[in-house]
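Chains, contacts and geometry: an overview
So you can see what is in the structure, the chains are spelled out below.
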Amino acid sequence: MRHAIQANLKQILFLRTAKIFLTTIVFVSVLLGALFTLTTNVTQGRTLGELTPMNIFSANMLGVDLGAILLIAFTSITIGREFSTNGIRLTLGATPNRIKFFLGKFITYLLVAGGMSFVMVGLIFGSTQFILAANDQSLLSLGDSEVWQFIVGVFLMPVFYSLMTVAATFLFGSSGGGIVFSLLVMFLPALIRMFTETIQELFLPLFPEIALHNLSGTVATQSLEYIGTTASFLVLGIWLLVTAILAILKFQRQDF
């Protein structure tokens, strides 16, 4: 499996188009995060001077949300290309064990998404510090547990959605299916919030977005969306596990 992972990483990191795509994701996430931050007087009706350092950091980190969406597209398109071109037939010739093949892809994108998320979060943290310093506000401290919790929660988001996209692309056998599935899971909570509190309380805790918000510490304990740390990890784990199992079962029965 190690050789398969190394081959996958080379395929991703040494292709010019892939490098351009990944670089664009980082650039756009940092740029959009700064744009969200510098326009809070329009989006939130408050100037930077009226916001706390954590509020400014939170606004800036919205760039990672966009980065996660672009990473979903990158993951699904890259894997889906193998299905659409039947290149997967050649790859399976080298790695006939389909479970190992799937796990190789899964671990590869865990590493890629983890690295991308680390870079995006690190750059946005640095840009937040620059904005705070330019406005004569207190800088964020990495010794602050609130800051660390927020960073960890935001870091996990692109990683989680990228891994779920890997499984979804195998499950549906196409990049389109992987993208649509992941985006539906990401945005369905916004639709559910349009219903009554009873419906929200019943369904919202089942979605990854709520778990990620809990892990980042942005959900108040009295909120109906509060589920705690343990439940949040369980929700994320169940989504990944169920999607991966369904993907493997489908992949093992599929003819190429």
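1. So, the overall build of the chain
The number of helices and strands found in the chain is 12 helices and 0 strands. When the helices and strands of the chain are read in sequence order from the N terminus, they spell out α-α-α-α-α-α-α-α-α-α-α-α. The globule rule puts the C-alpha radius of gyration for 256 residues at 18 Å, and the 20 Å found for the chain is close to it. Considering only C-alpha atoms, the chain reaches an extent of 60 × 45 × 30 Å along its principal axes. Considering the chain as a whole, with its 256 residues, one finds that 45% of them fall into the buried category. Taking as baseline every contact in the chain between residues at least 6 positions apart, the subset at least 24 positions apart corresponds to 71%. Each charge sign in the chain was given a centre, from 13 positive and 11 negative side chains, and these centres are 25 Å apart.

2. Focus: unusual backbone geometry
Leaving glycine out, the prevailing phi sign among residues is negative, and the prevailing peptide bond configuration is trans. Phi is positive for D136, which is not a glycine, with a value near 55°. Structurally, D136 is set in the loop between α7 (98–134) and α8 (145–172). For D136, a relative accessible area of 75% corresponds to the exposed category.

3. Some details on the packing of aromatic side chains
Evaluated as defined, the whole model comprises 11 aromatic pairs. Here the aromatic cluster, defined as three or more aromatic residues joined through ring pairs, consists of F101, F102, F106, F170 and F251. Sitting over the ring of F251, R98 keeps its end group 5.4 Å from the ring centre.

4. Topic: the nonpolar core
In a soluble, globular protein the nonpolar side chains are often hidden away together inside. Core analysis: the largest hydrophobic core is formed by 59 residues, its most contacted members being F57, M61, V64, F74, F102, Y161 and F170. Looking at this core, the elements with two or more residues in it are α2 (16–38), α4 (53–60), α5 (62–84), α7, α8, α9 (175–192), α11 (208–216) and α12 (229–253). Broken down by element, the residue count for this core peaks at 14 residues, all from α8. Discounting residues that sit within four places of it in the chain, Y161 has contacts with I72, S182, M186, P208, E209 and L212.

5. With respect to the layout of surface pockets
Here the largest pocket defines a volume of roughly 500 Å³. For the largest pocket, the lining is made up of 19 residues, of which L62, D65, M157, E209 and H213 are closest to its centre. Of all the secondary structure elements, the ones that give two or more residues to the lining of the largest pocket are α5, α8, α9 and α11. Element by element, the count of residues in the lining of the largest pocket is highest for α8, at 5 residues. Here the lining of the largest pocket is composed, by residue class, of 11 nonpolar, 5 polar and 3 charged.

6. Overview of α12
Between its terminal C-alpha atoms α12 stretches 37 Å, which fits the 36 Å expected from 25 residues at 1.5 Å a residue. Within α12 the residues assigned to the buried category are S232, V235, L236, L240, T243, A244, A247, I248 and F251.

7. Re the environment of A68
If you trace the backbone, A68 turns up in helix α5. A C-alpha to C-alpha distance of 8.6 Å links A68 and I25, two positions 43 residues apart in sequence. Dropping the residues within four chain positions of it, A68 is found in contact with M157, P158 and M186.

8. What to know about the pattern of salt bridges
A complete count under the given rule lists 2 salt bridges for this structure. Residue E209 is joined to R193 by a salt bridge in which the shortest nitrogen-to-oxygen separation is 3.0 Å. Of this pair, E209 sits in helix α11 while R193 sits in the loop between α9 and α10 (197–203); the two residues are 16 residues apart in sequence, bridging distant segments of the chain. What makes E209 buried here is its relative accessible area of 15%. Overall, R193 belongs to the partly exposed group, its relative accessible area being 29%. A salt bridge links R193 to E225; the nearest nitrogen and oxygen atoms lie 2.9 Å apart. With a gap of 32 residues between them, R193 in the loop between α9 and α10 and E225 in the loop between α11 and α12 connect regions that are remote in the sequence. One salt-bridge network, held together by shared partners, links R193, E209 and E225.

9. Brief notes about the side chain of T37
Of note, T37 is situated in helix α2. A polar atom in the side chain of T37 sits 2.8 Å from the backbone oxygen of G33. Dropping the residues within four chain positions of it, T37 is found in contact with L48, I56, A59, N60 and I131.

The rules behind the values
Position numbers for residues count from 1 along each chain, tracking the sequence in the order it is written. Totals for whole chains, interfaces and linings use every residue, but because this is a predicted model, local features are given only for residues with pLDDT of at least 70 and side-chain atom pairs only at 80 or more, for both listing and counting. Based on all heavy atoms of the structure, the side-chain values leave hydrogens and waters out of the count. Secondary structure elements follow DSSP: runs of H or I no shorter than four residues count as helices, runs of E no shorter than two count as strands, and numbering proceeds from the N terminus. As defined in this context, the radius of gyration uses C-alpha atoms, and a globule is described by 2.2 Å times the residue total to the power 0.38. Partly exposed residues are those whose accessible area sits between 20% and 50% of the maximum for their type, while under 20% is buried and over 50% is exposed, using a 1.4 Å probe and protein chains only. Contacts: residue pairs with any heavy atoms within 4.5 Å of one another. Think of it this way: Lys and Arg go in the positive column, Asp and Glu in the negative one, and His and the chain ends go nowhere. Taken as the charge location is NZ of Lys, CZ of Arg, CG of Asp or CD of Glu. Working definition: a ring pair exists when centres of Phe, Tyr or Trp rings (six-membered ring for Trp) sit within 6.5 Å. Plane angles under 30 degrees give stacked, over 60 give edge-to-face, the rest tilted. Whether a charge sits over a ring depends on NZ of Lys or CZ of Arg being within 6 Å of the ring centre and within 35 degrees of the ring normal. Definition used in this section: a nonpolar core is a set of buried Ala, Val, Leu, Ile, Met, Phe, Trp, Tyr and Cys residues joined via side-chain atoms within 4.5 Å. Definitions used for this entry: grid spacing 1 Å over protein atoms alone; cavity, a set of points where a 1.4 Å probe fits but cannot get out; pocket, an open set with protein on both sides within 12 Å along at least 5 of 7 lines; lining residue, one with an atom within 4 Å of a point. Grid points are joined across faces, edges and corners, and a volume is the space filled by probe spheres set on the points. Residue polarity follows a fixed list, in which Ala, Val, Leu, Ile, Met, Phe, Trp, Tyr, Cys and Pro are nonpolar, Asp, Glu, Lys and Arg are charged, and the others, Gly among them, are polar. Between the first and last residue of a helix there are one fewer steps than residues, each counted as 1.5 Å, and that sum is the expected span. Any Lys or Arg side-chain nitrogen found within 4 Å of a carboxyl oxygen on Asp or Glu counts as a salt bridge. A 3.5 Å cut-off defines polar contacts: any pair of N or O atoms within that distance qualifies, except that in protein one atom must be a possible hydrogen donor and the other a possible acceptor, and neighbouring residues in sequence count only when both atoms are side-chain atoms.

Just geometry here; none of it tells us what the structure is for.
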